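Take a look at the letters that make up each chain.
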Amino acid sequence: MGKRLAALVLVAVVIGLVALAYVASGNSSPQTDRSAALTAGEGGDQAGSDDRAFKLCDGETEVVISVPSAEKTGKMSREVAEQVAARLMQEWTIQKRSQGDRGSLLLAHKGEPHSRREMRTWDAELDKAVKEGYRLFHDSSLGTNGISCDMCHPDADDTHPYTYPKFQTQLKQVALLRDMINWCIENPLEGKRLADDDPRMKALEMYILWANKGEVAVPGKH
Amino acid sequence: MSEERQREFAKWVLLVLGSILLVFGVAPRPVPPELQGAAASASDYPLKIPLGLIDPEIPAANPLTLAKVELGRQLYFDKRLSVDDTVSCATCHDPHHGFAQSEAISIGIQGKKGNRNAPTVLNAALFDMQFWDGRAPSLEEQAKAPIVNPVEMGMPSLEALVEKLKKIPEYRISFSEAFPDGITVDNIARAIAAYERTLLAGDSPFDRYFYGKEENAISPAAKRGLEVFREKGRCVTCHEILSSFALFTDQKFHNVGVGMDKPNPDLGRFLVTKEEKDTGAFKTPTLRNVALTGPYMHDGSEPTLESVVELYDKGGIPNRHLDGGIRPLNLSAQEKKDLVEFMKSLTSPGVEKIGGPIPSQ
Amino acid sequence: MGRKVSRREFLRLSARGAAAAGLAGLFGGLGSSGSRPAEAAPRVEPFTFAYISDTHLYEKKLNMRFVRAIEKAVADVNALDPQPDFVLFGGDLAQLGQKGELDLGREILSGLRAKKYMMVGEHDWYLDMGEYWRQLFGPDTYSFDHKGVHFVVLNSVIVEDYWTATKMTPMERMKAMAQLDNPEGRPFTVGERQREWLQRDLAGVPLDRPIIVFSHSPLYRYYKNWNFWTDDAEQVQALLSRFQRVTVIHAHTHQVLTNRIGNIHFHGVLSTAWPWPYAPKGLPRYTRQQDRADPFDQFDGCGWGTVEVLPDGGVNKNYHLWGRKKTAVTYEWLSTVNEAALPDPYQVGPHY
């Protein structure tokens with residue numbers, strides 16, 4: 001009875017995985033969901049939990065997961081089912097990677113998926129950095145004549161960061177985004193260029209790239 | 001040896017010697033080492049591209065040959081191309097003056113003057129268009145114009161020059177060596193253009209520093225000047241330096257206001273295109289050898305490199321059609337000096353000798 | 001084989017027909033086919049006016065770049081021969097609505113040979129809610145007639161008050177309004193008071209008199225994030241569409257911009273100070289986009305222009321882009337072109 005149920009669960013879970021994979025393009029939430037599920041399951045040796053083994057439909061990949069005793073048999077709760085799916089996926093991916101196949105879903109940090117806490121923290125850090133870039137982008141004190149970047153580039157439009165490196169006709173050389181940022185600071189804004197590793201330059205680049213999310217990289221395009 | 005045998009022997013020797021002489025007499029000459037490596041036949045001209053330049057485009061209708069280049073050199077320095085035998089190409093485009101001239105406005109036959117400064121012929125082979133207003137699309141087309149310009153060489157027509165040259169035996173021979181159809185208007189132009197294509201001048205101290213990576217080829221002041229040129233001075237956008245070669249021109253037309261504050265200004269490119277946006281706009285000149293080719297600008301109105309820098313520093317001369325890229329630069333005194341030092345580093349070695357010896361007249 | 005129509009019946013029928021035709025004439029031009037209405041076209045004495053707009057001046061000690069640009073526009077308009085009948089200033093004379101900026105703009109524009117009509121933009125208004133502007137230039141809403149055309153000048157940059165509750169200082173409010181991509185921004189409107197004024201103003205105007213409306217924002221919805229937008233656009237259009245010939249000349253968008261909604265033609269004017277990119281969505285298909293600007297040349301993508309008013313009350317819109325060939329959008333083209341046949345502007349270049 002347990003084995004058949006397990007098989008049924010596995011099938012349902014794999015179907016769910018496929019659906020998640022469709023949704024997952026560029027979107028971090030599926031990962032978050034997985035990590036949320038895993039967080040729920042982490043710290044395995046809690047009172048009232050039992051080990052339960054699950055095998056993937058490939059017949060090879062197997063994981064043992066600690067589930068609450070109440071769920072040792074019978075229909076699993078969604079939370080636990082997601083946990084199972086995540087662990088199976090993780091295991092499968094690790095195996096594929098060890099076979100030299102990168103697989104379609106990349107998990108970082110030695111096979112451990114990101115936890116929900118980590119995802120939240122990193123997103124907040126990125127948000128802060130991008131906001132600083134946004135602030136500078138709208139700050140005319142980068143120059144000396146009252147002009148700020150957003151005046152010609154509202155929402156960082158018309159910045160085309162995804163076309164770099166390219167031959168930049170104003171500079172007469174192949175440039176990166178930061179070279180053009182500096183050129184704009186010196187020329188239309190009549191200010192002083194920033195050092196390549198100036199935190200302000202980095203922040204500006206961060207905001208400009210972030211604002212152009214989703215564009216296809218086409219280096220060299222005019 | 002008996003007399004008969006001696007004669008027999010002598011006959012064989014003479015026969016063998018004669019055959020050898022015959023063979024060497026009629027066989028094609030072997031290609032001398034300095035001409036080896038040139039493509040196809042031995043009559044192609046082996047153009048060497050100096051450091052910092054690229055190959056000029058050679059039109060299919062006028063491939064470069066030794067005979068043409070030599071003929072072109074003769075013509076370039078020949079005052080008989082003018083109506084009164086006083087003015088040659090070299091009169092205004094003088095090798096001793098960077099293939100330009102020290103007059104602001106060149107003087108042609110009978111002391112007549114035009115309204116523009118003679119640009120250098122050095123590296124002109126690398127430009128898309130010739131003349132300050134770009135009206136000639138090739139060196140060949142450019143060469144024809146001064147010959148019939150009444151204030152320059154003053155020939156009544158190009159055909160008249162053809163007739164004049166036909167009376168000169170040396171030209172009859174050299175034209176027939178260079179061209180199957182001998183002396184024609186187009187062949188005169190082709191020969192001069194062929195010679196001009198060999199007038200490539202690179203390998204300056206700047207080239208050795210920038211492309212040759214010789215750290216000490218230019219002074220620290222010139223290095224600082226290069227940085228001003230590429231950044232605060234905003235020069236490089238029109239006076240291009242690229243990563244593998246530098247022509248110091250974008251080959252476009254810009255109004256920096258020169259002459260626009262005088263009555264009846266020279267309208268430059270507008271006279272060719274009739275587009276309002278081209279009013280008072282002139283072709284960006286190359287800066288190679290600029291230290292040799294003063295005075296400067298299309299009317300020769302700027303006497304020195306220092307005065308040119310001042311002109312740009314103050315934002316050109318205001319006029320309704322001033323190019324939007326021209327604006328006051330607020331350069332320091334040091335930056336201006338460094339910029340001039342940089343420009344002086346653009347002088348190629350041995351300019352007078354580029355293109356070979358000047359023929360005796 | 002139908003029976004013959006009796007004479008009395010015929011007269012009744014034709015009377016009804018005439019009445020219907022008369023009604024049709026009243027409502028003529030409402031159709032979106034855009035074809036020229038028949039016989040009853042207005043007749044005006046043709047003339048030309050010029051426009052200079054969106055100069056965004058700072059005081060000279062801060063920024064000479066924008067000063068050079070407005071001076072260039074004034075010099076160009078002054079060089080026109082013959083002179084235009086008048087010059088429209090399209091709004092945003094100042095960058096931050098400051099007295100020194102408005103004074104500087106007034107001083108430079110006073111060098112124009114032709115008569116001026118002034119229109120206000122948000123950059124002029126939101127430091128002091130238009131107090132100094134009205135002192136310098138008079139009311140922000142007004143109308144006038146010229147050579148058979150009825151001109152209406154609107155203040156189309158009215159926004160809902162979001163500064164009182166949050167206790168913003170005047171300069172904070174001005175800077176918030178000055179930021180085009182401000183995510184906290186509120187959409188421009190003409191507003192109820194002005195719409196009522198407009199209705200009263202138009203009440204006495206015959207339907208065959210050409211109407212030209214000057215507004216700062218486009219009187220339609222193009223891109224909300226950049227306030228290329230008028231929230232009550234449909235209500236304003238409804239007041240205008242009854243008329244046979246209606247043209248809206250607007251500013252604010254700093255680009256070649258053309259639209260047609262029903263029988264109303266919309267033309268944007270250029271800025272002297274800088275060009276905006278085309279918005280990521282909402283660009284009308286009628287617009288033949290100007291090429292991207294070269295930032296090395298401060299005048300590229302900028303300029304001024306003229307509007308030719310034609311004998312039938314339509315307009316040809318001329319864009320004088322500095323350093324580029326002149327562009328024109330003719331009444332003939334805009335009134336007859338089939339929108340569906342025009343390419344999707346987001347498929348053709350330049351895309352931003």
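To keep things clear, this report deals only with the structure shown in the data block. Computed from a predicted model, the values in this text were never measured in an experiment.

### Structural notes on the interface of chain C and chain B
Step number 1: Between chain C and chain B, the residue contacts involve 15 residues of the former and 14 residues of the latter.
Step number 2: Together, the buried faces of chain C and chain B total about 1100 Å²; carbon and sulfur atoms form 52% of this surface.
Step number 3: It is Arg 68, Phe 296 and Lys 325 of chain C in chain C that bury the most area against chain B; as a group they hold 45% of the surface buried on that side.
Step number 4: Linking chain C to chain B there are 3 salt bridges.
Step number 5: With its nearest N and O atoms 2.6 Å apart, the salt bridge here joins Arg 320 of chain B to Asp 76 of chain C.
Step number 6: Linking chain C to chain B there are 6 residue pairs in polar contact (both at pLDDT 80 or more).
Step number 7: Take the side of chain C that touches chain B: its biggest share by element is 5 residues, from helix H2 (residues 65–78) of chain C.
Step number 8: The residue makeup of the side of chain C that touches chain B, split by class, is 4 nonpolar, 3 polar and 8 charged.

### Structural notes on the pairing of strand S2 (residues 86–89) of chain C
Residues and elements named next belong to chain C.
Step number 1: Side chains Phe 86 and Leu 88 of S2 all project onto a buried face; the interleaved residues Val 87 and Phe 89 project onto the opposite face, where all are buried too.
Step number 2: When strand S1 (residues 47–52) meets S2, the two strands line up parallel, connected through 3 bridges. Along S2, the bridge assignment pairs Ile 52 with Phe 89.
Step number 3: Handedness of the β-α-β unit built from S1, H2 and S2 comes out right-handed.
Step number 4: Taken together, S2, helix H3 (residues 99–109) and strand S3 (residues 115–118) form a β-α-β motif whose crossover is right-handed.

### Here we look at the side chain of Lys 172 of chain A
Step number 1: Relative to the helices and strands, Lys 172 of chain A is located in the loop between strand S3 (166–168) and strand S4 (173–175).
Step number 2: Assessed through its relative accessible area of 7%, Lys 172 of chain A is described here as buried.
Step number 3: There is a polar contact of 3.1 Å between the side chain of Lys 172 of chain A and the backbone oxygen of Thr 169 of chain A.
Step number 4: What Lys 172 of chain A contacts, discounting residues up to four positions off in sequence, is Phe 167 of chain A together with Val 236, Thr 237, Glu 240, Ile 241 and Leu 242 of chain B.

### Topic: the pattern of salt bridges
Residue and element names in this part refer to chain B.
Step number 1: Under the definition given, this model contains 44 salt bridges over all chains.
Step number 2: Notably, a salt bridge pairs Arg 80 with Asp 78, separated by 3.1 Å at the nearest N-O pair.
Step number 3: Since its relative accessible area comes to 34%, Arg 80 is described here as partly exposed.
Step number 4: For Asp 78, a relative accessible area of 5% translates into the label buried.

### Observations regarding the environment of Leu 126 of chain A
Residues and elements named next belong to chain A.
Step number 1: With respect to the element layout, Leu 126 can be found in helix H4 (residues 116–137).
Step number 2: Taking the relative accessible area as the measure of exposure, Leu 126 reaches 45% and is therefore partly exposed.
Step number 3: Each C-alpha atom of the pair Leu 126 and Ser 69 lies 40 Å from the other, and the pair is 57 residues apart in sequence.

### A look at the nonpolar core
Step number 1: Counting residues in each nonpolar core, the largest one holds 124 residues, and the members touching the most others are Phe 49, Ile 52, Phe 151, Ile 212, Phe 214 and Tyr 222 of chain C.
Step number 2: Of all the elements, H2 of chain C adds the most residues to this core, at 7 residues.
Step number 3: Core analysis: the second largest hydrophobic core is formed by 39 residues, Ala 178, Ile 188, Ala 194 and Leu 199 of chain B among them.

### Concerning the sheet that holds S2 of chain C
All names here are of chain C.
Step number 1: As summarised here, the arrangement of the 6 strands in space is S3-S2-S1-S12-S13-S14, forming an open sheet in which the pairing is mixed. Where the open sheet ends on each side, the last strands, each with one partner, are S3 and strand S14 (327–329). Adjacent strand axes in the sheet meet at a mean angle of 25° when their direction is disregarded.
Step number 2: Here strand S12 (residues 303–309) runs beside strand S13 (residues 315–321); their pairing, made up of 7 bridges, is antiparallel. When the sheet's bridge partners are listed, Thr 306 is paired in S13 with Asn 318.

Parameters and conventions
Residues numbered from 1 in each chain as written. Chains lettered and ligands numbered in written order. Predicted model: local features only at pLDDT ≥ 70, side-chain atom pairs only at ≥ 80, totals over all residues. Heavy atoms only, no water. Contact = heavy atoms within 4.5 Å. Buried area = accessible area lost by both parts, 1.4 Å probe. Salt bridge = Lys/Arg side-chain N within 4 Å of Asp/Glu carboxyl O. Polar contact = N/O pair within 3.5 Å; in protein donor to acceptor, adjacent residues only side chain to side chain. Helix = DSSP H or I, 4+ residues; strand = E, 2+ residues; numbered from the N terminus. Nonpolar A, V, L, I, M, F, W, Y, C, P; charged D, E, K, R; others polar. Buried < 20%, exposed > 50% of the residue type's maximum accessible area, 1.4 Å probe, protein only. Pairing = 2+ DSSP bridges. Right-handed = clockwise from strand over helix to strand, strands pointing away. Core = buried A, V, L, I, M, F, W, Y, C linked by side-chain atoms within 4.5 Å. Axes fitted to C-alpha atoms, helices over the stretch in contact; angles between N-to-C directions.

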